[in-house]
Amino acid sequence: MKLIQITDLHLVVPGSRLHGLDPLGRLDRCLDDVATRHADAEICVISGDLTDRGEPSAYDALKTRLENFPLPVVLMLGNHDNRENFRSVFSDYPVDDNGFVQSSTQTSWGEILCLDTLAPGRREGELCQKRLDWFQQKLEQVQERPVLLFMHHPPFDIGIPRLDVIRLEQPGAFTSIVTRHRQNIRHLFFGHVHRPVSGSWNRVPHSALPALNHQVPYDSVTPVMAYNNEPPAYAAVLANGENIVIHQEFFLHRGALPDIS
Ligand SMILES: [Fe+2]
């Protein structure tokens, strides 16, 4: 089973730029690359910060772009998103019983669980009791099937102070659920950090990706948020039996090597 992860689009009002870059243009390049190279993927997950400021016109632009995209797409929200505006534009998009943009999708390999960690008006992530109950219930329903878990905010520190203060807040209850179902949860994918990060947390392997627009440099000292122009990437995830492999695709940098012969 092949899955595509794209994260942190930060789309703005069409025609405007963000940090000197063109997020909508980058989304077009990314979707073209996925459609060309990975049309055999079963599903694509976009793991939050679909927009930078949550304007309806930014969501409209995303909706238009996805109309001709060949893969089924799971959409998630990040701290830069606006849940009401998202739901007004993606009016048919499924939500849980409490209106959170959480989803469970079966694939040929296992279950894709996507959580909604958006806390309106705040940059930190939250999982209230209603969202935790949904998560617990879904994990009980999957029984023995393997799970790939997606959430925008990481539930742990990654060693960059300006990001660690805006990770998932109060992760204790969430961690307890993960611990109880660790045999099912084969990998945790997150966004939010705008850089390639991987490791394991609570004995669960995890990974994050560069964002599609601007990146966060590795800096273990400076408390003030800063961005840079490191290259964007998406992930092609291969899940087969007990084996999970994650390729990072630097879709803007596919030039040939210089001819030195
Ligand atoms: Fe972001």
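Being a predicted model, the structure only gives us computed values, none of them experimental.

(A) Main features of the overall build of the chain. Scanning the chain for helices and strands turns up six helices and 11 strands. For the chain, the C-alpha atoms occupy an extent of roughly 55 × 45 × 45 Å along the three principal directions. Expressed as a percentage of its 261 residues, the buried residues of the chain come to 54%. Looking at the chain alone, contacts between residues at least 24 apart form 68% of all its contacts between residues at least 6 apart. Roughly 11,600 Å² of accessible area belongs to the chain as shown, and the carbon and sulfur atoms make up 48% of that amount. Here the chain contributes 24 positively and 32 negatively charged side chains, and the mean placements of these two sets differ by 3 Å.

(B) Examining the packing of helix H1 (residues 23-37) against helix H2 (residues 56-66) more closely. The contact between H1 and H2 brings their axes to 11 Å, and the two run at 20°. With respect to each other, H1 and H2 are oriented roughly parallel. Note that H1 runs across H2; the crossing there is right-handed. Contacts between H1 and H2 involve Leu24, Leu27, Asp28 and Leu31 from the former and Ala61, Leu62, Arg65 and Leu66 from the latter.

(C) Region of the structure containing the sheet that holds strand S6 (residues 147-151). Taken in spatial order, the six strands line up as S4-S5-S6-S7-S9-S8 in an open sheet, and their pairing is mixed. Of all strands in the sheet, those with a lone pairing partner are strand S4 (103-106) and strand S8 (197-201), marking the two edges. For this sheet, the mean inter-axis angle between neighbouring strands, taken without regard to orientation, is 20°. As defined by bridge partners, strand S7 (residues 185-190) adjoins strand S9 (residues 204-208) across three bridges and the pair is classed as parallel. Paired with Leu188 across the strands is His206, a residue of S9.

(D) Spotlight on the side chain of Arg195. Its place among the elements puts Arg195 in the loop between S7 and S8. For Arg195, a relative accessible area of 14% gives the class buried. Once residues lying within four places of it in the same chain are set aside, the contact partners of Arg195 are Ile160, Ala208, Leu209, Pro210, Val216, Pro217, Tyr218 and Glu230.

(E) Quick look at H1. Across its 15 residues, H1 extends 21 Å between first and last C-alpha, which sits within 8% of the 21 Å expected from 1.5 Å per residue. Residues of H1 that are buried: Pro23, Leu24, Arg26, Leu27, Cys30, Leu31, Asp33 and Val34.

(F) View of the packing of helix H4 (residues 129-142) against helix H6 (residues 172-180). H6 packs onto H4 with a crossing angle of 0° between their chain directions and a minimal axis gap of 11 Å. In terms of orientation, H4 and H6 fall into the roughly parallel class. Only Ala173, Phe174, Ile177, Val178 and Arg180 of H6 make contact with H4, whose side of the interface consists of Leu132, Phe135, Gln136 and Leu139. Split into classes, the residues belonging to the contact of H4 with H6 amount to seven nonpolar, one polar and one charged.

(G) Region of the structure containing the pattern of salt bridges. Going through the model one piece at a time under the given rule, you end up with 19 salt bridges. Asp33 serves as the salt-bridge partner of Arg254, at 2.7 Å between the closest nitrogen and oxygen. A residue pair is termed long-range when its members are at least 10 positions apart, and Arg254 in the segment after strand S11 (243-249) and Asp33 in helix H1 qualify at 221 residues. Owing to a relative accessible area of 11%, Asp33 belongs among the buried residues under this scheme. As a salt-bridge pair, Arg37 and Glu249 come within 3.4 Å of each other at their nearest N and O atoms.

(H) Molecular detail of the environment of Leu27. Its location among the elements puts Leu27 in helix H1. On the basis of relative accessibility, which here comes to 0%, the residue Leu27 falls in the buried class. Expressed as a C-alpha distance, the spacing of Leu27 and Ile6, which sit 21 residues apart in the sequence, is 9.4 Å.

(I) Layout of the coordination of the iron ion. The coordination sphere of the iron ion contains the protein donors Asp8 (OD), His10 (NE2), Asp49 (OD) and His194 (NE2), at a distance range of 2.0 to 2.2 Å. Relative to the metal, the four donor atoms surrounding the iron ion lie at angles of 91 to 176°, and the coordination shape comes out irregular. The motif formed by the donor residues of the iron ion, counted along the single chain, is D-x1-H-x38-D-x144-H. Taken as a pair, His10 in the loop between strand S1 (2-6) and H1 and Asp49 in the loop between strand S2 (43-47) and H2 lie far apart in primary sequence, 39 residues in all. We note that His10, like Asp49, is buried.

Calculation notes
- Residues numbered from 1 in each chain as written.
- Predicted model: local features only at pLDDT ≥ 70, side-chain atom pairs only at ≥ 80, totals over all residues.
- Heavy atoms only, no water.
- Helix = DSSP H or I, 4+ residues; strand = E, 2+ residues; numbered from the N terminus.
- Buried < 20%, exposed > 50% of the residue type's maximum accessible area, 1.4 Å probe, protein only.
- Contact = heavy atoms within 4.5 Å.
- Areas by Shrake-Rupley, 256 points an atom, 1.4 Å probe, with all protein chains shown as cover.
- Lys, Arg positive; Asp, Glu negative; His and termini not counted.
- Charge placed at Lys NZ, Arg CZ, Asp CG, Glu CD.
- Axes fitted to C-alpha atoms, helices over the stretch in contact; angles between N-to-C directions.
- Parallel < 35°, antiparallel > 145°, perpendicular 65-115°, else oblique.
- Left-handed = near helix turned anticlockwise from the far one by under 90°.
- Pairing = 2+ DSSP bridges.
- Expected span 1.5 Å × (residues − 1).
- Nonpolar A, V, L, I, M, F, W, Y, C, P; charged D, E, K, R; others polar.
- Salt bridge = Lys/Arg side-chain N within 4 Å of Asp/Glu carboxyl O.
- Donors = N, O, S within 2.8 Å, 3.2 Å for Na, K, Ca; no water.
- Tetrahedral: all angles 85-135°; square planar, octahedral: opposite > 155°, others 65-115°.

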